[in-house]
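Per-entry structural report
What follows is each chain in one-letter form.
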Amino acid sequence: MSVCNAVQIEPVDNVVVVIETIAAGETISYCKNNEVKRINAIEDIPIYHKVAVRDISRGETIVKYGEAIGLAACRITQGSCVHINNTESFRGTPIKVEV
């Protein structure tokens with residue numbers, strides 16, 4: 001495994017994108033504010049998919065690129081894949097991301 005196997009685009013993001021396939025139980029490492037952060041994958045994560053870096057409550061905004069990209073359709077646990085099965089669109093509803 002390389003030093004970092006995931007990328008967080010903006011410090012406000014509550015997800016990272018893995019840059020290699022991650023198996024359940026493996027460590028996901030990413031840089032935030034010049035510090036390497038680590039979380040454990042609680043399920044298999046396909047390459048280039050999003051992972052929650054902290055628990056995300058149902059209805060909470062999913063933030064990637066420093067932008068709101070959707071809402072959590074259910075509670076998403078840290079280390080879980082964030083994908084169409086647990087997110088919903090807020091198309092037409094303006095969402096502001098707190099910095």
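Residues numbered from 1 in each chain as written. Predicted model: local features only at pLDDT ≥ 70, side-chain atom pairs only at ≥ 80, totals over all residues. Heavy atoms only, no water.

Examining the pattern of salt bridges
Condition: Any carboxyl oxygen of Asp or Glu that lies within 4 Å of a side-chain nitrogen of Lys or Arg is treated as forming a salt bridge with it. Burial classes: relative accessible area under 20% of the type maximum marks a residue as buried, over 50% as exposed, and values in between as partly exposed (1.4 Å probe, protein chains only). Each helix is a run of H or I in the DSSP string that is no shorter than four residues. Each strand is a run of E no shorter than two, and both are numbered from the N terminus.
Applying the stated criterion across every chain, the model contains three salt bridges. The partner of arginine 54 in a salt bridge is glutamate 60, and the shortest N-O contact between them spans 2.5 Å. Judged by relative accessible area, which is 37%, arginine 54 ranks as partly exposed. Under the relative-accessibility criterion, glutamate 60 is labelled partly exposed at 23%. Ionic pairing is found between aspartate 55 and arginine 75, a salt bridge with its closest N-O pair at 2.7 Å. With a gap of 20 residues between them, aspartate 55 in the loop between strand S5 (50-52) and strand S6 (61-64) and arginine 75 in the loop between strand S7 (67-72) and strand S8 (81-82) connect regions that are remote in the sequence.

Digging into the environment of aspartate 44
Assignment of secondary structure puts aspartate 44 in the loop between strand S4 (35-40) and S5. For aspartate 44, a relative accessible area of 54% translates into the label exposed. Along the sequence, aspartate 44 and serine 80 sit 36 residues apart, while their C-alpha atoms lie 8.5 Å from each other.

Some remarks on unusual backbone geometry
Unusually for a residue other than glycine, asparagine 33 sits at a positive phi of about 55°. Turning to its location among the elements, asparagine 33 is positioned in the loop between strand S3 (27-32) and S4. Looking at asparagine 33, the relative accessible area reads 59%, which means it is exposed. Even without a glycine there, the phi angle at tyrosine 65 is positive, about 65°. When its relative accessible area of 48% is taken as the criterion, tyrosine 65 is described as partly exposed.

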